[in-house]
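Structural overview for review
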Amino acid sequence: MEQFHDVMEEVAAARARGEPFALATVVRTVSLTAAKAGAKAIVRADGTISAGWIGGGCARGAVLKAARDALADGVPRLISVQTPDALRAIGREAGEHREGTLYARNMCASQGTMDVFIEPFAAAVELLIFGATPLAVALTDFGARMGLRVVVAADPVDHRHVASAQELIAGFDFSRPTPAERYTVVATQGRGDEAALFGALSVSSRYVAFVGSRRKVMALKDALIGKGIDHKRLDELHAPAGLDFGAATPEEIAISILAEIITVRRRKTKEAGPAQAVTSSAAE
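Let me sum up the structure you'll find in this document. (Residues numbered from 1 in each chain as written. Predicted model: local features only at pLDDT ≥ 70, side-chain atom pairs only at ≥ 80, totals over all residues. Heavy atoms only, no water.)

Focus: the sheet that holds strand 6 (residues 101-105)
If you trace the 7 strands from one edge of the open sheet to the other, you get 3-2-1-7-4-6-5, paired in mixed fashion. Each end of this open sheet is capped by a strand with a single partner; those strands are strand 3 (49-52) and strand 5 (97-98). (Pairing = 2+ DSSP bridges. Helix = DSSP H or I, 4+ residues; strand = E, 2+ residues; numbered from the N terminus.)

Rendered as C-alpha cells:
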C-alpha cells in the first residue's frame, strides 16, 4: 500500500506542476507475473518511469511504448502482454489493435499474461493573466473552473485579490518556461498597461488579448515597438479582448474572453484533425 500511496502522491504533484505523464495500471494477470493487479507506475513523456513499478523487462518495453503513444495522441489504451501460445489461441498477433485492446508478446520464461491500462494526462493548459483588477479576479475564478492552470502576474501588494491562482508572479517583467499551451490576457485596465502588455507580448502564447480599446493599443504601439516588440505580434493582439455580445460586468467580460479562448483553442484542435490511435509491438 505504501507504493500505491507514493504513486498517487506523485500523480497529484505532477498534475499540480502541469507536467504531462501517463499512469499505467495493471488490471489483470494470469499465471506467473512479476507485477500483480493494482500495480501502478508513472511514465514521463520521455518514456522513463518516475514512480511505481509494473514488472520487469518482459512487459516493460511494450508498456512504455504504449505510454509514449498515449501521451502523443491523448488516447487511453489497454495493452495485453501475452505469450505467443496464448496469442495464437485467441487468434491475435503482437502489435494488433482490436476491440480496444493492443496485443503484445511476452517472451520471458514466466510465460504469464498481464493487462495494463494506460491513462494519459496532458500538460496543463495555462491561462496567464496580467493584473489583479476585478476582471482579473473573475478570470482567475472562471479559468480554474474550466480546468486551466491559472498564473497571475501582478504587483505583490495586489496578490491577495487573486490568491486562488495556482501561481503568483511579482510584477510584469519576467521570463519563465513556456508550457505546451498558453493563453494570455492583459487585464490591468489602466494600472501599468504598457509594462503588462510588453510582458505579455514578450512571452510565447497562442493567444494574447488586451482589455482595452484598439485605440489605446495604437497609443502604446510606438513605445512597445521601441522596446523591441515586433509589428506582427501587435497585429495578432486581440483588442478589445473577448467576443462581442454586449458584456458589461467584470464577470460577463471574463466569460466573453474565455469564450474567445475556447473558440481559438478548439479551432486549432479541429485544424489539427482527430487523434489517431497508434499501435505498438512488444519489446523482445
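Considerations on the pattern of salt bridges
Under the defined criterion, the tally for this structure stands at 13 salt bridges. For the salt bridge of R28 with D115, the shortest nitrogen-to-oxygen distance reads 2.7 Å. Of this pair, R28 sits in strand 1 (residues 21-30) while D115 sits in strand 7 (residues 113-121), and the two are 87 residues apart along the sequence. Overall, the relative accessible area of 38% leaves R28 in the partly exposed class. Among the charged side chains, a salt-bridge network with shared partners connects E181, R206 and R265. (Salt bridge = Lys/Arg side-chain N within 4 Å of Asp/Glu carboxyl O. Buried < 20%, exposed > 50% of the residue type's maximum accessible area, 1.4 Å probe, protein only.)

Comments concerning helix 4 (residues 134-145)
Compared with an ideal rise of 1.5 Å per residue, which puts 12 residues at 16 Å, helix 4 spans 17 Å between its outermost C-alpha atoms and is within 8% of the ideal. Directly after helix 4, the chain includes G147, whose backbone phi takes a positive value near 85°. (Expected span 1.5 Å × (residues − 1).)

Structural notes on the pairing of strand 12 (residues 207-210)
Both faces of strand 12 are covered, namely the face carrying Y207 and A209 and the face carrying V208 and F210. As paired elements, strand 11 (residues 182-186) and strand 12 share 4 bridges and run parallel to each other. Paired with T184 across the bridge in strand 12 is V208. Considered for its hand, the β-α-β crossover made up of strand 11, helix 5 (residues 193-201) and strand 12 is right-handed. (Right-handed = clockwise from strand over helix to strand, strands pointing away.)

Points about the nonpolar core
Judged by nonpolar contacts, the single largest core of 26 residues is most densely connected at L127, L139, V185, Y207, I257 and I261. Elements supplying a minimum of two residues to this core: strand 8 (126-130), helix 4, strand 9 (149-154), strand 11, strand 12 and helix 8 (250-272). (Core = buried A, V, L, I, M, F, W, Y, C linked by side-chain atoms within 4.5 Å.)

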